[in-house]
Amino acid sequence: MGDKEIKFPDGFLWGGAFAANQVEGAYLEGGKGLSEVDIFPKSDRVKGGIFSLPYGEIIENAQDKDDKKYPKRRGIDFYHHYKEDIALFAEMGFKVLRFSISWSRIFPNGDDAKPNKEGIIFYHNVINELKKYHIEPLVTMSHFEMPLQLALKYNGWTDRRVIGFFMKYAETLFKEFAADVRYWITFNEIDATIHIPFYGAGIIAEKTSNVELASYQALHHQFVASALVKKLAHEQYPGISIGCMVTKNLKYPSTCKPDDCMQWLKETEEDSFYADVMAAGYYPYSVWQIWKNKGITVEIEPGDLELLKNNTVDYVAFSYYASLVTSADGASKEKTSANLLVGEKNPYLKQTPWGWQIDPEGLRFSLNQLYDRYRKPLFVAENGLGTFDVFQNGTVEDDYRIDYIRDHLKALKQAIGDGVDVFGYTYWGCIDCISGSTGEMSKRYGFIYVDQDDEGNGSLKRYPKKSFYWYKKVIASNGEVL
Ligand code: BG6
């Protein structure tokens, strides 16, 4: 099909995305408790992201009151700017805003007997503001922000009791917000539990003798919790849709040498494992084999596997930023990073200053791969360009960002032409926010510039960039004007 004949479906959900811990700030206001990421100091592009700390430092930082030192404590102060920010999203024509609710704003310690009313009121206010502009809220329940106390007291998701705390949180959210929120995601990039266990599941390395086993155990608990949420939604809130959310770690084999292709297949199967469990309802053979080879025994209670099988998600959401290359003898090859993973460089691709390789065609590839595997509606929950911006004359001339998004949207459109069912696209970091990995402000993604530097200095004033007006036209034309 020629590009011109392919259309984005009517009602396609155009919008943007961010997470509570990267935007809200007000980390102890309104009764909020400390979340696990509130204790991370800023890192930088050269040193790379910080995803865990020694136990002693976690305790020390938790007691430190210096909020400038810990960027996720301040975010971009969305907590006090939400009306202004949502008005800007409405001006762009957003149909959807994907945001997360901070678990520690609702249950400050995670295991509290009662939810924190002030936290609930805050999210009602946000959702009402979105409704005012007919913007659909899409809520992530857990986006790297488990209450720190759950990590300290239970070693995070390694303890099965945390499923119960999460269910109490989920029940509270449904009771309060299900009437207004149709689309939900249980866990952001659930694969993070294996790649970055503290960040993804609150696992403190010193508190376990085998981090890998603990990570798989924690992940199993998260899968069970997610299936229980799906069951609850299905039985009591029939109008709502529950999605999983995975990092789409796209890789290509470095050559057509059978060894390289075998390595690629192996890694692709491993990367597919998370959505296999949540969308297809089974643990794939490759994972049982990994456990067998490593002598890992995950405690799976009677009934768990059946629960997973009978409560698969309604849609598959994923983040896609970059692709990597893999080969059988990869050790000597030049490496670069792509979101949560490190892999080989691709000589055909350019990369961002943070080393993430820009590969729009890979989005089409990923959409086809995921749709072929799960046959469930897909949602592009994150995609975006994080780079340096130059703020001049009250704006940013970010043509490079426009090019990035245009190329990815063209690829998305081609995937629609291939027959893939995809119902929305939320551009990541639609307003500049704190980087998830490094805590920097200078890794900017937004359509809206926020006046704040890496150290937390600045007026926090918001300014539309050139891409703001471009994306507005894209949405108004339902993707015809790219
Ligand atoms: C995703 C996360 O992995 O990547 C986001 O869900 C994160 O929280 C995004 O912000 C981009 O990563 P970074 O490190 O550039 O902010």
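Residues numbered from 1 in each chain as written. Predicted model: local features only at pLDDT ≥ 70, side-chain atom pairs only at ≥ 80, totals over all residues. Heavy atoms only, no water.

1. Structural notes on the overall build of the protein
Helix and strand counts for the protein come out as 17 helices and 16 strands. For the protein, whose C-alpha radius of gyration is 21 Å, the value lies close to the compact-globule estimate of 23 Å for 482 residues. Dimensions of the protein, computed from C-alpha atoms along their principal axes, come out at roughly 55 × 55 × 45 Å. Burial analysis of the protein (482 residues in total) assigns 60% to the buried set. Long-range pairs, those at least 24 residues apart, make up 76% of the contacts in the protein between residues at least 6 apart in sequence. A total accessible area of about 18700 Å² is found for the protein, and carbon and sulfur atoms account for 52% of it. For the protein, the centre of its 56 positive side-chain charges and the centre of its 66 negative side-chain charges are spaced 2 Å apart. (Helix = DSSP H or I, 4+ residues; strand = E, 2+ residues; numbered from the N terminus. Rg over C-alpha atoms; globule rule 2.2 N^0.38 Å. Buried < 20%, exposed > 50% of the residue type's maximum accessible area, 1.4 Å probe, protein only. Contact = heavy atoms within 4.5 Å. Areas by Shrake-Rupley, 256 points an atom, 1.4 Å probe, with all protein chains shown as cover. Lys, Arg positive; Asp, Glu negative; His and termini not counted. Charge placed at Lys NZ, Arg CZ, Asp CG, Glu CD.)

2. Considerations on the nonpolar core
In this structure, Phe89, Trp157, Leu412 and Tyr471 are the most contacted members of the largest nonpolar core, which totals 132 residues. Considering every element that reaches this core, the biggest residue donor is helix α11 (residues 211-236), with eleven residues. The contacts of Leu412, once residues within four sequence positions are left out, are Phe8, Phe12, Leu363, Leu367, Val380, Val422 and Tyr425. One finds Phe40, Ile50, Ala151 and Ala192 within the second-largest nonpolar core, a separate group that totals 17 residues. (Core = buried A, V, L, I, M, F, W, Y, C linked by side-chain atoms within 4.5 Å.)

3. What to know about α11
Spanning 26 residues, α11 covers 37 Å between terminal C-alpha atoms, matching the ideal 38 Å at 1.5 Å per step. For α11, the side-chain oxygen to backbone nitrogen distance between the N-cap and Glu212 is 3.1 Å, and the N-cap itself is Asn210. (Expected span 1.5 Å × (residues − 1). Polar contact = N/O pair within 3.5 Å; in protein donor to acceptor, adjacent residues only side chain to side chain.)

4. A closer look at the environment of Leu97
Among the structural elements, Leu97 can be located in strand β2 (residues 96-100). On the basis of relative accessibility, which here comes to 0%, the residue Leu97 falls in the buried class. Residues Leu97 and Val139 lie 42 residues apart in sequence; the distance between their C-alpha atoms is 8.3 Å. Excluding residues that lie within four positions of it along the chain, Leu97 makes contacts with Gly16, Phe18, Phe89, Leu130, Ile135, Glu136, Pro137, Leu138 and Cys430.

5. Concerning the sheet that holds β2
Spatially, eight strands are ordered β1-β2-β3-β4-β5-β7-β13-β14 in a closed barrel, and the strand pairing comes out parallel. Strand after strand, the sheet turns through a mean of 25 degrees between neighbouring axes, direction not considered. Its contacts with the sheet place α11 against β3 (136-142), β4 (183-187) and β5 (241-247), and it is angled at close to 155 degrees to β4. (Pairing = 2+ DSSP bridges. Axes fitted to C-alpha atoms, helices over the stretch in contact; angles between N-to-C directions.)

6. Here we look at the site of the ligand
Contacts to the ligand come from 15 residues, most closely from Glu189, Gly436, Ser437, Lys443 and Tyr445. Here an oxygen atom of the ligand and a side-chain polar atom of Glu382 are 2.8 Å apart. In the model, an oxygen atom of the ligand is placed 3.2 Å from a nitrogen or oxygen of the Trp428 side chain. With the chains in place, 97% of the 380 Å² that the ligand exposes on its own is no longer accessible. Grouping the amino acids of the shell around the ligand by side-chain chemistry returns five nonpolar, seven polar and three charged. (Near = heavy atom within 4 Å. Nonpolar A, V, L, I, M, F, W, Y, C, P; charged D, E, K, R; others polar.)

7. Some words on the packing of helix α15 (residues 360-374) against helix α16 (residues 399-418)
Here α15 crosses α16 at 30 degrees, and the two axes come no closer than 7 Å. As summarised for this structure, α15 and α16 are arranged roughly parallel, according to the angle between their axes. As α15 runs across α16, the sense of the crossing is right-handed. Residue-level inspection shows Pro360, Glu361, Leu363, Arg364, Leu367 and Asn368 of α15 in contact with α16, the latter providing Asp407, His408, Ala411, Leu412, Gln414, Ala415 and Asp418. Of the residues belonging to the contact of α15 with α16, the class tally is six nonpolar, three polar and four charged. (Parallel < 35°, antiparallel > 145°, perpendicular 65-115°, else oblique. Left-handed = near helix turned anticlockwise from the far one by under 90°.)

8. Details of the pattern of salt bridges
Taken as a whole and assessed by the stated rule, the structure comprises 35 salt bridges. As a salt-bridge pair, Asp271 and Lys251 come within 3.1 Å of each other at their nearest N and O atoms. In this pair, Asp271 is assigned in helix α12 (residues 258-280) and Lys251 in strand β6 (residues 250-253), connecting sequence segments 20 residues apart. For Asp399, the salt bridge is made with Lys466, and the minimal N-O distance between the two is 2.7 Å. Placement of the pair is Asp399 in helix α16 and Lys466 in helix α17 (residues 466-476), with a sequence separation of 67 residues. Owing to a relative accessible area of 34%, Asp399 belongs among the partly exposed residues under this scheme. Residue classification places Lys466 among the partly exposed residues on the basis of a relative accessible area of 33%. (Salt bridge = Lys/Arg side-chain N within 4 Å of Asp/Glu carboxyl O.)

9. Observations concerning the pairing of strand β10 (residues 341-344)
Bridging between strand β9 (residues 335-338) and β10 involves four bridges; their strand directions are antiparallel. Note that in β10 the partner of Lys335 across the bridge is Glu344. What sits between the antiparallel neighbours β9 and β10 is a turn of two residues, in which Asn339 has the positive phi angle 55 degrees.

10. Details of the environment of Asn109
Counting through the fold element by element, Asn109 comes out in the loop between α5 (103-106) and α6 (117-132). A relative accessible area of 33% places Asn109 in the partly exposed class. As a C-alpha pair, Asn109 and Pro147 span 38 residues in sequence and 5.6 Å in three-dimensional space. Once you skip the residues sitting within four places of it in the chain, Asn109 turns out to touch Pro147, Gln149 and Leu150.

11. Observations concerning α6
Taking 1.5 Å of rise per residue, 16 residues should cover 22 Å, and α6 covers 22 Å from first to last C-alpha, within 8% of that figure. Those residues of α6 that fall on the buried side of the exposure criterion are Gly119, Ile120, Phe122, Tyr123, Val126, Ile127, Glu129 and Leu130. Packed against the buried residues of α6 are α1 (20-23), α4 (78-92), β2, α5, β3 and α8 (161-177). His134 sits one or two residues past α6 and shows a positive phi near 60 degrees.

12. Some words on the pairing of strand β8 (residues 323-326)
Of the two faces of β8, the one lined by Ser323 and Val325 and the one lined by Leu324 and Thr326 are each fully buried. In terms of strand pairing, β6 meets β8 through four bridges, oriented parallel. When the sheet's bridge partners are listed, Pro253 is paired in β8 with Thr326.

That's the geometry; what it means functionally is another story.
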